[in-house]
Amino acid sequence: MSYVDGFLLAVPRAKLSAYRALARKAGKIWMEYGALQYVECVEDDVQPGKSTSFPRAVKLKEDEVVVFSYIVYKSRAQRDRINKKVMADPRLAGMDPKTMPFDGKRMIWGGFKGIVEM
């Protein structure tokens, strides 16, 4: 079974191109270090729910879109090794949270063990 890091965040519509450029750069680095798959998705059919939903989870504002992303690895051990290398990579060094094209305080993320894979 593979291991997956999942991410959910809100990106201002006006910064979606900047986010896409950052995601392409980051994705290349993750893949270079051994990730099996790197995927970034923008909302297409995402409705606000009455009690729970993707928009509610990220406290979506009117000028933002929901982005769902995931990275697939062979195992948790591989993920831990790859993430350590990615975080130390000079191509990502110096990224200031104040200039990121999204609010990192509203990003939701976590690691998941596979239980069904087809």
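The notes below deal with the structure included here. Since we're looking at a predicted model, the values are computed, not measured.

1. Focus: the overall build of the protein
- Tallying secondary structure elements over the protein gives 3 helices and 4 strands in all.
- Relative to the compact-globule value of 13 Å for 118 residues, the protein shows a C-alpha radius of gyration of 15 Å, a close match.
- Oriented by its inertia axes, the alpha-carbon framework of the protein measures out at about 40 × 35 × 20 Å.
- Considering the protein as a whole, with its 118 residues, one finds that 36% of them fall into the buried category.

2. Quick notes on the nonpolar core
- L9, V11, Y19, W30, Y73 and F102 are the most contacted members of the largest nonpolar core, which totals 20 residues.
- For this core, the secondary structure elements donating two or more residues are β1 (3-12), α1 (16-32), β3 (64-73) and α3 (76-88).
- Leaving out residues up to four positions away in the same chain, L9 has contacts with Y19, V58, V65, V66, V67, F102 and M107.

3. Some points on the packing of aromatic side chains
- Using the criterion set out here, one finds 4 aromatic pairs in the structure.
- Residues Y19 and F102 carry aromatic rings whose centres are separated by 5.7 Å and whose planes lie at 80° to one another, so their mutual orientation is edge-to-face. Of this pair, Y19 sits in helix α1 while F102 is found in the loop between α3 and β4 (108-113), placing the two residues 83 residues apart along the sequence.
- Note on Y19: relative accessible area 8%, which makes it buried.
- Feature note: the residues F54, F68 and Y70 constitute an aromatic cluster, connected by ring pairs.

4. Some thoughts on the pattern of salt bridges
- Under the defined criterion, the tally for this structure stands at 7 salt bridges.
- Between D80 and R79 there is a salt bridge, with its nearest N and O atoms 3.0 Å apart.
- A relative accessible area of 13% means that R79 is categorised as buried.
- Residues R106 and D103 are paired through a salt bridge, measuring 3.2 Å at the closest nitrogen-oxygen approach.

5. Focus on the side chain of E64
- Along the chain, E64 turns up in strand β3.
- Residue class for E64 comes out buried when judged on its relative accessible area of 5%.
- A distance of 2.5 Å separates the side chain of E64 from the side chain of R106, its partner in a polar contact.
- Excluding anything up to four places from it in sequence, E64 contacts A10, V11, P12, R13, K59 and R106.

Basis of the calculations
Residues numbered from 1 in each chain as written. Predicted model: local features only at pLDDT ≥ 70, side-chain atom pairs only at ≥ 80, totals over all residues. Heavy atoms only, no water. Helix = DSSP H or I, 4+ residues; strand = E, 2+ residues; numbered from the N terminus. Rg over C-alpha atoms; globule rule 2.2 N^0.38 Å. Buried < 20%, exposed > 50% of the residue type's maximum accessible area, 1.4 Å probe, protein only. Core = buried A, V, L, I, M, F, W, Y, C linked by side-chain atoms within 4.5 Å. Contact = heavy atoms within 4.5 Å. Phe/Tyr/Trp six-rings, centres within 6.5 Å; stacked < 30°, edge-to-face > 60°. Salt bridge = Lys/Arg side-chain N within 4 Å of Asp/Glu carboxyl O. Polar contact = N/O pair within 3.5 Å; in protein donor to acceptor, adjacent residues only side chain to side chain.

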